[in-house]
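# A structural walkthrough
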Amino acid sequence: MQEIVLTLPLVDHKLAILRNKETGTKEFREIVKELASFLCYEALRDAKTSEMEIDTPICKTTVKMIDENKYAFVPILRAGISMVDGVLNVMPNAKIGHIGLYRDEETLNPVEYYFRMPKDIALREVLLLDPMLATGGSAVNAITQLKKRGVTKIKFLCIIAAPEGIENVKRNHPDVQIFCTAVDEKLNEKGYIVPGLGDAGDRIFGTR
Ligand code: PRP
Ligand code: URA
């Protein structure tokens, strides 16, 4: 499945601020939240709507609505948390699951430390959230864990993706579509995205 890259002048503008190492925590968080909202709109382009009749102040009319109970947002901790408020702005009644993973600094392999989902997760479409798709190890692991719990429809929303991460997700989970705001050039020898924005978790939480 082909990845979707949001290409809009304002998205490029916001990304430029995110990438700048002088940008502080407050602005960084605000922009990640805003981009997460845009990504959510795009990821739900294929959402099913059902018609219902309502009264406007003027007359009766037929409107189209999405069933929010069919969705769950799942951030990959830590950095994915920064996207939750943005997607909840768009769909406030979706349920939230959490997957805790961190990359081992030597091997770059994901280490699992937390997994908690809504009871009916298998019945919901999952929008998996993480600002960075680097080697793809974390995303592939998170998707595998979700599928083991019976989830059949998953979309992965990230801010910046590396070509290596996109290939990894496509190879292991060809049914999962990736939505991002930029595809960068490559990974460096330490597994960081180039040019990227540095360590997303550290910039969001002010660690290091
Ligand atoms: C970052 C990022 C992703 C992962 C991406 O998390 O938020 O989860 O790295 O890298 P990958 O595609 O090579 O797996 P990190 O491991 O730094 O943990 P943190 O969010 O707790 O800081
Ligand atoms: N995780 C990050 O936070 N940044 C990168 O560039 C790669 C992985």
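Summary of the structure given here. As the structure is a prediction and not an experimental result, all values here were calculated from the model.

### Some points on the site of ligand 2
The environment of ligand 2 is made up of Arg103, Met132, Ala134, Gly191, Tyr192, Ile193, Gly198, Asp199 and Ala200. Contacts to ligand 2 include Ile193, whose backbone N or O atom sits 2.8 Å from an oxygen atom. The contact in question runs from an oxygen atom of ligand 2 to an N or O atom on the backbone of Ala200, over 2.8 Å. Taking 240 Å² as the accessible area of ligand 2 by itself, protein coverage stands at 88%. Taken atom by atom, the bulk of ligand 2 overlaps the largest pocket. Its residues assigned to classes, the shell around ligand 2 shows five nonpolar, two polar and two charged.

### Some points on the packing of aromatic side chains
Here the distance between the centres and the angle between the planes together describe a pair of aromatic rings. Within the structure shown, the criterion is met by one aromatic pair. With a centroid separation of 6.1 Å and an interplanar angle of 40°, the aromatic rings of Tyr102 and Tyr113 are classed as tilted. Of this pair, Tyr102 sits in strand E6 (residues 98-103) while Tyr113 is found in strand E7 (residues 110-116), placing the two residues 11 residues apart along the sequence. According to the relative accessible area criterion, Tyr113 is partly exposed, its value standing at 43%. The residue whose ring lies beneath Arg103 is Tyr192, and the NZ or CZ to ring-centre distance is 5.7 Å. Just above the ring of Phe115 sits the side chain of Arg149; from NZ or CZ to the centre is 3.8 Å.

### A few points about the layout of surface pockets
Approximately 760 Å³ is the volume found for the largest pocket. When residues of the lining of the largest pocket are traced back to their parent elements, those giving at least two are strand E4 (71-77), E6, strand E9 (132-133), helix H4 (137-148) and helix H6 (200-205). Along the lines of polarity and charge, the residues of the lining of the largest pocket split into 16 nonpolar, seven polar and nine charged. Roughly 240 Å³ of volume is contained in the second largest pocket.

### Points about the site of ligand 1
Surveying the vicinity of ligand 1 reveals 14 residues, the closest of which are Arg103, Asp130, Thr135, Gly136 and Ser138. Within the side chain of Thr135, a nitrogen or oxygen atom sits 2.6 Å from an oxygen atom of ligand 1. Between ligand 1 and the protein, one listed contact pairs an oxygen atom with a backbone N or O atom of Gly136 at 2.8 Å. Surface burial for ligand 1 is 91%, taken as the share of its 500 Å² of free accessible area covered by protein chains. Spatially, ligand 1 is embedded in the largest pocket. Among the elements of the structure, E6, E9 and H4 are those that each provide at least two residues to the shell around ligand 1. Looking at side-chain class alone, the shell around ligand 1 contains six nonpolar, five polar and three charged residues.

The rules behind each value
- Residues numbered from 1 in each chain as written.
- Chains lettered and ligands numbered in written order.
- Predicted model: local features only at pLDDT ≥ 70, side-chain atom pairs only at ≥ 80, totals over all residues.
- Heavy atoms only, no water.
- Near = heavy atom within 4 Å.
- Polar contact = N/O pair within 3.5 Å; in protein donor to acceptor, adjacent residues only side chain to side chain.
- Areas by Shrake-Rupley, 256 points an atom, 1.4 Å probe, with all protein chains shown as cover.
- 1 Å grid on protein atoms, 1.4 Å probe; cavity = no way out; pocket = protein on both sides within 12 Å on 5 of 7 lines; lining within 4 Å.
- Sits in = over half its atoms within 2 Å of the grid points.
- Nonpolar A, V, L, I, M, F, W, Y, C, P; charged D, E, K, R; others polar.
- Phe/Tyr/Trp six-rings, centres within 6.5 Å; stacked < 30°, edge-to-face > 60°.
- Helix = DSSP H or I, 4+ residues; strand = E, 2+ residues; numbered from the N terminus.
- Buried < 20%, exposed > 50% of the residue type's maximum accessible area, 1.4 Å probe, protein only.
- Lys NZ or Arg CZ within 6 Å of the ring centre and 35° of its normal.
- Points joined across faces, edges and corners; volume = space filled by probe spheres on them.

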